Amino acid sequence: MRTLFSPNKTSGRLLVDFAADIWGKSPSEPMRLRYLMVFDLFIKARSYAILNKVFFWLALVAGIALLVWPVIAFKLDSLGVGYSAMVQTSVTGLAALLFALYSHYKKRQTHAENLMRHVIFSRESLEVLFEKVMKEMERMDQGFVFSETVTKKAAAQGEAEPPGA
């Protein structure tokens, strides 16, 4: 038998299990729609959690490789392979990229779980709640768009300048 409260769950799994128990089989359509929204957010949170775990372990391996690099470089130089400085720079860059990707997906997972909490604990009307959550989901699905970031920065700089400057 599945227990709702277990310390071996992610926050997202706990929230979706709670919503399934309370709202999943409800005769009330608004409650079923809330469950649908929570489950949709759970799918995103779970996907981000998987990516975050993959990049965490890859970053950990790359970080350990950086720590033991002097031994690796000594062995490579003794074998006459050379180029250890270029390889070390590449490994350092790769480790930094992996840590950045881990951090990115961890933030996305946390954001999706926070949206799940908002759907479960919010006292807002369903229309207002769904509108807010849908906007956030659209933003999450969009990902990073360079042109919008540049436009926002240019608009912010234009607002910061005094008139007639």
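The rules we used
- Note on numbering: residues in each chain are counted from 1, in written sequence order.
- Per-residue local features of the predicted model are confined to residues with pLDDT of at least 70, and side-chain atom pairs are confined, for both listing and counting, to 80 or more; whole-chain, interface and lining totals are unaffected and use all residues.
- Side-chain figures throughout are based on the complete set of non-hydrogen atoms in the structure, without hydrogens or water.
- The secondary structure listing takes helices from DSSP runs of H or I that are at least 4 residues long and strands from runs of E that are at least 2 residues long, numbered from the N terminus.
- Any two residues whose heavy atoms approach within 4.5 Å at even a single point are treated as in contact.
- Side-chain rings of Phe, Tyr and Trp, where Trp is taken by its six-membered ring, are said to pair if the distance between their centres is within 6.5 Å; with planes under 30 degrees apart they count as stacked, over 60 as edge-to-face, and otherwise as tilted.
- Whether a residue is buried, partly exposed or exposed follows from its accessible area with a 1.4 Å probe, protein chains only, as a fraction of its type maximum: under 20%, in between, or over 50%, in that order.
- Residue-level confidence of the predictor is summarised by pLDDT, bounded by 0 at the bottom and 100 at the top.

Chemist: Is there a simple way to think about the side chain of lysine 44 in this case?
Modeler: Note that lysine 44 resides in helix α2 (residues 29–67). Setting aside residues up to four positions removed in sequence, lysine 44 forms contacts with Met137, Met140 and Asp141.

Chemist: Any chance you could explain the packing of aromatic side chains here in plain terms?
Modeler: Two aromatic rings, taken as a pair, are described by how far apart their centres are and by the angle between their planes. Counted under the stated rule, the structure contains six aromatic pairs. Between tyrosine 35 and phenylalanine 39, the ring centres sit 6.0 Å apart and the planes meet at 50°, which makes this aromatic pair tilted. Of this pair, tyrosine 35 and phenylalanine 39 both sit in helix α2, separated by four residues, roughly a single helical turn. The partly exposed category is assigned to phenylalanine 39, whose relative accessible area is 33%. For the pair phenylalanine 39 and phenylalanine 42, a centre-to-centre distance of 5.9 Å together with 50° between the ring planes defines the contact as tilted. Of this pair, phenylalanine 39 and phenylalanine 42 are both found in helix α2, three residues apart, which corresponds to roughly one turn of the helix. In textbook terms, an aromatic cluster arises when at least three aromatic residues are bridged by ring pairs, as seen for Tyr35, Phe39 and Phe42.

Chemist: Honestly, the confidence of the model for the protein in this entry has me stumped. Any pointers?
Modeler: Note: predicted coordinates in regions of low pLDDT should not be interpreted at a detailed level. Averaged over all residues, the pLDDT of the protein is 83; the fraction at 70 or higher stands at 81%. Mean pLDDT across the secondary structure elements of the protein bottoms out at helix α6 (residues 146–160), with 65, and peaks at α2, with 92.

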